[in-house]
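Listed below are the residues making up each chain.
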Amino acid sequence: MKKLLSIVLVAMMLATACLVPVSAEGEVQLIDAFDFDSAAVGAISKNGSNVALDANGIVINNYFRVVDSMSKVVNRYGNNNAFRYDKAAGAEKTYPDNSWVPFSAIGAANFSKVTTDMVISYDAFVSDDDGGSVALFNQKGKASNKWGNALLLDAFDDAGTARISWKNPATGKYQSSTLRVNRGEWFNLALVITHDAADTTYANVDAYVNGQLALSGIKVYDDFFNMTVIKFQTQNACPADCYIMMDNFRAYTGSELKSDAELGLNNGAIFAGIQESAVVNNAFSVRLIGAVDALTYDSVGFEVTATYTEGGSAQTKTLKKATSNVYTKITANSDAGIAEYTAEDLGGQYLYALSIRGIPATLGEMTLEVKTYSVTDGVETVQSIYLITYNNGVFVSLVEA
């Protein structure tokens, strides 16, 4: 196919205090990638998905089973769909009859018996808890300790945050993370599963939230066999309507976290990071970094909507810019000198950028909604949406919308 984007061999530079990336790095063997982008929006049919994933002794099947009637596929943005399960106010049963929840199982063997190190990851969203916990990774075991090694998202506190916890079946006690997940925000959960060749009675699991280690030393024992990836864990009467969503299930070999680009998955134009300058004369600049997986698009771009308060009134401004130029690397000035980032470092094959200069640093809190998109044959497709918050020119947070 003809290359449509043009590679610019000159690196870009911006005086910056930091780069906030959104990607990982490395090379792996992909076992499976599963999302809902090709699924029809609406209630999930009962035909299901029952897929053997590889020929190396690792079998992951039954992604979904008929147990939850309110399950459906919803649209996140552009062509990006996600699985959603609703629990209505007052509902007590975890699984209403005749519907679906995410479910994944290891065939005849469990993680401790499959000696291939691997990573399982997926994106999750919890609008609110049902008065109890949400199961993130459980292996079903013997009747006396059915969910003994459950990895849970605890109930949200008054500030809208929740810890990740693991119940150790050997002690019956819970170990909790210091990292917290925010109510109503997407987060990525990655489980790095490794093995001790000298002891095949268990596998070790390290849990990462948004790329940061949350819990380590979780053990999956040889009498556990099924793995559930996300569901409401309790049968509490739900205090209000709530729902969970999942997207972008990935399974691959190795023991390091990898980006979709490194897994060879076609993502179009994705958000890769942001840089900001120091505040000078009550103004600052930002540079948005996008990563793209190929040169086959007509163009790639950003659409940025800024919301802030000025003179006591809410203000909104939108900037949309496309380009056909991409880069192989970027550089940035910092107190430590010049730092260089390649496209591979940021999860893509090529990079593109948008600089926004002269942003007033006197407006208090400002939120940038950043959409990345690609254009093919005149058709524009949004591939990611992120929210970035600044307070008087100082970076505060970056979350996926």
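As the structure is a prediction and not an experimental result, all values here were calculated from the model.

J.: Any details on the overall build of the protein? Residues and values, ideally.
T.: Each helix and strand in the protein was counted, giving 0 helices and 33 strands. In the protein, which comprises 401 residues, the proportion classed as buried is 49%. If you take every contact in the protein between residues at least 6 apart in sequence, the share linking residues at least 24 apart comes to 68%. Accessible surface computed for the protein: about 17,600 Å², of which carbon and sulfur atoms make up 47%.

J.: Describe the environment of Asp 86, with residues and values.
T.: Inspection of the secondary structure assignment puts Asp 86 in strand E9 (residues 80-87). As a C-alpha pair, Asp 86 and Tyr 243 span 157 residues in sequence and 4.2 Å in three-dimensional space.

J.: Any details on the packing of aromatic side chains? Residues and values, ideally.
T.: Under the defined criterion, the tally for this structure stands at 7 aromatic pairs. A ring pair is formed by Phe 125 and Tyr 243, whose centres lie 5.7 Å apart and whose planes are at 10°; its orientation type is stacked. Remark: Tyr 243 occurs in strand E22 (residues 242-253) and Phe 125 occurs in strand E12 (residues 118-126); sequence separation between them is 118 residues. Counting every residue linked through ring pairs, the aromatic cluster contains Phe 125, Trp 186 and Tyr 243. Directly above the ring of Tyr 373 sits Lys 320, whose terminal nitrogen or CZ lies 5.3 Å from the centroid.

J.: Quick rundown of the pattern of salt bridges? Include the residues and the values.
T.: Applying the stated criterion to the full structure yields 9 salt bridges. Among the salt bridges present, the one from Arg 84 reaches Asp 86, with a minimum N-O distance of 2.8 Å. Given the relative accessible area of 19%, Arg 84 is considered buried. Put simply, Glu 303, Lys 320 and Glu 380 are held in one network by salt bridges that share partners.

J.: Lay out the state of the cysteines with the relevant residues and their values.
T.: A covalent bond bridging the sulfur atoms of two cysteines is what the word disulfide describes. In total, this model carries 0 disulfides according to the counting rule given. The thiol of Cys 242 is not disulfide-bonded; the next cysteine sulfur, from Cys 238, is found 3.1 Å away.

J.: How would you explain the side chain of Gln 383 if you had to name every residue and give the values?
T.: With respect to the helices, strands and loops of the structure, Gln 383 is situated in strand E32 (residues 379-391). Within the structure, the side chain of Gln 383 is placed 3.1 Å from the side chain of Ser 374, a separation counted as a polar contact. When sequence neighbours within four positions are dropped, the list of residues in contact with Gln 383 reads Tyr 77, Asn 267, Gly 268, Ala 269, Thr 372, Tyr 373 and Ser 374.

J.: Give a detailed account of the side chain of Ser 285, specifying residues and quantitative values.
T.: You can see Ser 285 is positioned in strand E24 (residues 283-292). Once residues within four sequence positions are removed from consideration, Ser 285 is found in contact with Gln 275, Glu 276, Ser 277, Ile 356, Arg 357 and Gly 358.

J.: An account of the confidence of the model for the protein is requested, with residue identities and associated values reported.
T.: Of the residues in the protein, 73% have a pLDDT of 70 or more, and the chain-wide mean is 75. Throughout residues 5-26 the model reports pLDDT below 50, and contacts reaching past four residues in sequence, or to other chains, amount to 92 contacts. Note on residues 96-109: pLDDT under 50 across the span, and 78 contacts to partners over four residues away in sequence or across chains.

J.: I'd love a proper account of unusual backbone geometry, names of residues and values included.
T.: We note that Asn 248 has phi near 55°; this positive angle belongs to a residue other than glycine. Looking at the secondary structure, you find Asn 248 in strand E22. Positioned with a positive phi, Asn 282 is a non-glycine residue whose angle comes to about 60°. When you line up the elements, Asn 282 lands in the loop between strand E23 (269-276) and E24. Its relative accessible area of 55% is what places Asn 282 among the exposed residues.

Parameters and conventions
Residues numbered from 1 in each chain as written. Predicted model: local features only at pLDDT ≥ 70, side-chain atom pairs only at ≥ 80, totals over all residues. Heavy atoms only, no water. Helix = DSSP H or I, 4+ residues; strand = E, 2+ residues; numbered from the N terminus. Buried < 20%, exposed > 50% of the residue type's maximum accessible area, 1.4 Å probe, protein only. Contact = heavy atoms within 4.5 Å. Areas by Shrake-Rupley, 256 points an atom, 1.4 Å probe, with all protein chains shown as cover. Phe/Tyr/Trp six-rings, centres within 6.5 Å; stacked < 30°, edge-to-face > 60°. Lys NZ or Arg CZ within 6 Å of the ring centre and 35° of its normal. Salt bridge = Lys/Arg side-chain N within 4 Å of Asp/Glu carboxyl O. Disulfide = S-S within 2.5 Å. Polar contact = N/O pair within 3.5 Å; in protein donor to acceptor, adjacent residues only side chain to side chain. pLDDT = per-residue confidence, 0-100.

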